[in-house]
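The residues making up each chain are set out below.
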Amino acid sequence: MEDIENPRGSKQVLENREVTNRKKGAAEKLKPEAITQIQPQKLSLHLRVGEPQTFSLKFKRAEDYPIDLYYLMDLSYSMKDDLENVKSLGTALMLEMEKITSDFRIGFGSFVEKTVMPYISTTPAKLRNPCTGDQNCTSPFSYKNVLSLTSEGNKFNELVGKQHISGNLDSPEGGFDAIMQVAVCGEQIGWRNVTRLLVFSTDAGFHFAGDGKLGGIVLPNDGKCHLENNVYTMSHYYDYPSIAHLVQKLSENNIQTIFAVTEEFQAVYKELKNLIPKSAVGTLSSNSSNVIQLIIDAYNSLSSEVILENTKLPKGVTISYKSFCKNGVNDTQEDGRKCSNISIGDEVRFEINITANECPKKEQNETIKIKPLGFTEEVEINLQFICECQCQSEGEPNSPACHAGNGTFECGACRCNEGRIGRLCECSTDEVNSEDMDAYCRRENSTEICSNNGECICGQCVCKKRENTNEVYSGKYCECDNFNCDRSNGLICGGNGICKCRVCECFPNFTGSACDCSLDTTPCMASNGQICNGRGTCECGTCNCTDPKFQGPTCEMCQTCLGVCAEHKDCVQCRAFDKGEKKETCAQECMHFNMTRVESRDKLPQPGQPDPLSHCKEKDVDDCWFYFTYSVNSNGEANVHVVETPECPSGPDIIPIVAGVVAGIVLIGLALLLIWKLLMIIHDRREFAKFEKEKMNAKWDTGENPIYKSAVTTVVNPKYEGK
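None of these values were measured; they are calculated from a predicted model.

Trainee: Looking at this model, I keep getting lost on the state of the cysteines. Mind explaining?
Mentor: Here a disulfide denotes a covalent bond joining the sulfur atom of one cysteine to the sulfur atom of another. Taken as a whole and assessed by the stated rule, the structure comprises 21 disulfides. There is a disulfide in this structure between C416 and C425, and the S-S distance comes to 2.2 Å. Judged by the torsion about the S-S bond (-95 degrees), the C416/C425 disulfide is left-handed. Two residues share a disulfide in this structure: C532 and C543, whose sulfurs sit 2.1 Å from each other. Given an S-S torsion of about -100 degrees, the disulfide between C532 and C543 has left-handed geometry. Remark: C543 occurs in strand β35 (residues 542–545) and C532 occurs in the loop between β33 (517–518) and β34 (536–539); sequence separation between them is 11 residues.

The following block contains the structure:
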């Protein structure tokens, strides 16, 4: 062991300033570069292939952090009413941002379109005034930096108040040209290394790479600054930038973009937001009256999320993130790069894992950087690769141990000179006939060289190496391995053995081809202490019931069997009381247990003794209850304890029963009579009420006899006319 070198990876923190803790309005006024929001700032990692190195990164949003905000506005004719509201934006926004930071600067720029056909009209009159009628508009331009970043809100109002609307022909605008210049012209714009916000205000779509061909512009955008006298001068020469190009430049310059667009174009810019990290979209009212609240809301949204990104990794190096955010929220993989809902003063942590899967060809050191999107601070990580052992520098060139000096003996092995092969460099590539050597690398009666798991070098098999270093080919012909054994539950040898040459060698108490058969009989132990209840065999920790009537994990369940009490009832009855169905055959069938008589139920054995015990209560042929217990001791002997006096129910008392029956009949009769009498009273009252009602309804005069008829009959002559 003392001759084995095993260099391990390590990490070393080189710069580790604590994150800044200060309150807004504090007496100390720190410069932006003195404020720290990320820790550590610089470290060095020594990486050995396959061995990950992990470090923790802390991020904390500093309170009262400086902000630079640049307002980029579309000045095409459709934004005329918006310009009036923006003219007073400087001082109003200053007042609002003072609630967030005491160090705020604001700038203003405007854009229209490329100054070539067909985007604008190139007639002399239209170049002077692109608007129709008597509207007084300024000449069209691509991008103009009106005001570099300043802390004077009044100056913003003054210069923006002098701006005039312009015009163009098509609906999409040249905003991407303007964004590119704002991103790359840091000196002219005046960006500091603080939070950088770009507010892009428009009510139209955008041109992007390729659209310049309509105006005969085919050169791709070079991503460089071309401002002369604060005006973009190369719009007619370079095409619009692509979205990917914009993303790259905005990210490089740590600029967070806020798209303030009208409702009509919300869907378009939301799709664009998904492609540009650390950007937000707000709905702009038709006259930009809500722009201040839109900016505040978007800033809060952007600053409440931190997303880590890293520079390009060297070949063979991988990185993974795990986040530890507020309220115990943890994430891995891509979501492990970010934390959301972060307030000012909140601290979050990331666990970063870096692994080298191969050594670089030149074994040079590499540097990568990790930073939160939209912030200027970053973590610098120097990667140093461990690709050789120390003993390699102490090697013996042309060593006698390597076949008479045909190699360098280092770290206990030979590194062959050019043209020599073999474990000890004993073969020459010029002299070796591969067909002759291959015969030594084939198993008997096989055509496979090294079992197809290796190479034949100088008549010896050199087995392949697997990606998983724990998986190894071995054997003279590479015929063995430690990963092709039988599996159980997804594990080689069920996790209960070692795979050797494709055969499992099981740990103690396990057997089977996949070591999945346990020899432990504990799971087979029945409640009576017997293995499988004495009615089966224990195989691989599971009972195999040999009695077909019994089943269950311990062969204790029997659906068709009588219980212990019912099974021994007749024998206990005949031996204790000399009666029952087995009275005549008691001596032959019921002598398989020892019986003890006790005086009362209290004297019966109680639960808690070592032998399994059953308490029984059964009826004999005379309908008397008798009590007994049944148990089996460790020697398999059955013991019965029985109460010597059965409990027989006493006979019924006849006189009270007869008296009760007679009294019941009398009472029922009286009740029936009372009910009949009550019903008759109710019926009579109803009839009398009916009579009274009919009497009241009589139609004749009570003073006349309705049967009387007069004896006088009067006849009138119909022809009589009274003369």
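What follows continues from the structure just given.
Trainee: Is there a simple way to think about the side chain of T257 in this case?
Mentor: Positionally, T257 belongs in strand β11 (residues 255–261). Accessibility expressed as a relative area gives 1% for T257, which makes it buried. Sequence-distant contacts of T257, that is, excluding residues within four places in its chain, are made with L198, L250, K278, S279, A280 and L302.

Trainee: In this structure, what is going on with the pairing of strand β24 (residues 454–457)? I would like to understand it.
Mentor: In summary, the side chains of a regular strand alternate between the two faces of the sheet. Direction of pairing for β24 relative to strand β25 (residues 460–463): antiparallel, over a ladder of 4 bridges. If you follow C456 over to β25, its bridge partner there is C461. Counted between consecutive antiparallel strands, the loop separating β24 from β25 contains 2 residues, among which C458 sits at a positive phi close to 60 degrees.

Trainee: What's the story with the pattern of salt bridges in this structure? I'm lost.
Mentor: Working definition: two side chains of opposite charge can pair if their charged atoms are close together. Throughout the structure, instances matching the rule amount to 22 salt bridges. Across the pair R8 and E51 runs a salt bridge whose closest N-O atoms are separated by 2.7 Å. Linking R8 in the segment before β1 (10–15) with E51 in the loop between β3 (42–48) and β4 (53–60), this pair joins segments that are 43 residues apart in sequence. When its relative accessible area of 52% is taken as the criterion, R8 is described as exposed. The exposure class of E51 is buried, given its relative accessible area of 15%. Note that D103 is salt-bridged to R192, the shortest N-O span being 3.1 Å. Here the residue D103 occupies a position in the loop between α2 (89–97) and β6 (104–111), and R192 occupies one in the loop between α6 (186–189) and β8 (195–202), the gap between them amounting to 89 residues. Here D103 and R192 have matching classes, each one buried. The structure contains a network of salt bridges with shared partners spanning D68, D103, R105 and R192.

Trainee: What should I look at first to understand the sheet that holds β4 in this one?
Mentor: Sheet strands associate in pairs through backbone hydrogen bonding, adopting either a parallel or an antiparallel arrangement. The sheet built from 5 strands is open, its strands ordered β2-β4-β17-β14-β15 with antiparallel pairing. Here the strands that pair on one side only, and so sit at the sheet edges, are β2 (38–39) and β15 (330–332).

Trainee: Can you walk me through the nonpolar core in this structure?
Mentor: Where a protein is soluble and globular, its nonpolar side chains tend to be buried together. If you look at the biggest cluster of nonpolar residues, it comprises 36 residues, and the most contacted ones within it are L69, Y71, M73, L93, F104 and F108. Here this core gets 7 residues from one element, more than from any other, and that element is helix α9 (residues 291–303). Look past the residues within four positions of L93 in its chain and what remains in contact with it is L69, F104, I106, I292 and I295. In terms of nonpolar packing, the next biggest core, distinct from the first, is built from 30 residues, L72, L246, I255 and F259 among them.

Trainee: Would you mind showing me how to read the sheet that holds strand β36 (residues 593–598) here?
Mentor: Strand order in the open sheet formed by 4 strands is β36-β39-β38-β37, and the pairing between neighbours is mixed. Both outer strands of the open sheet, β36 and β37 (613–619), are each paired with one neighbouring strand and no more. With strand direction ignored, the average angle separating the axes of adjacent strands in the sheet is 25 degrees. Sheet contacts for helix α11 (residues 564–577): β36, β37, β38 (625–632) and β39 (638–643); angle to β38, the most-contacted strand, approximately 115 degrees.

Basis of the calculations
Residues numbered from 1 in each chain as written. Predicted model: local features only at pLDDT ≥ 70, side-chain atom pairs only at ≥ 80, totals over all residues. Heavy atoms only, no water. Disulfide = S-S within 2.5 Å. Helix = DSSP H or I, 4+ residues; strand = E, 2+ residues; numbered from the N terminus. Buried < 20%, exposed > 50% of the residue type's maximum accessible area, 1.4 Å probe, protein only. Contact = heavy atoms within 4.5 Å. Pairing = 2+ DSSP bridges. Salt bridge = Lys/Arg side-chain N within 4 Å of Asp/Glu carboxyl O. Core = buried A, V, L, I, M, F, W, Y, C linked by side-chain atoms within 4.5 Å. Axes fitted to C-alpha atoms, helices over the stretch in contact; angles between N-to-C directions.

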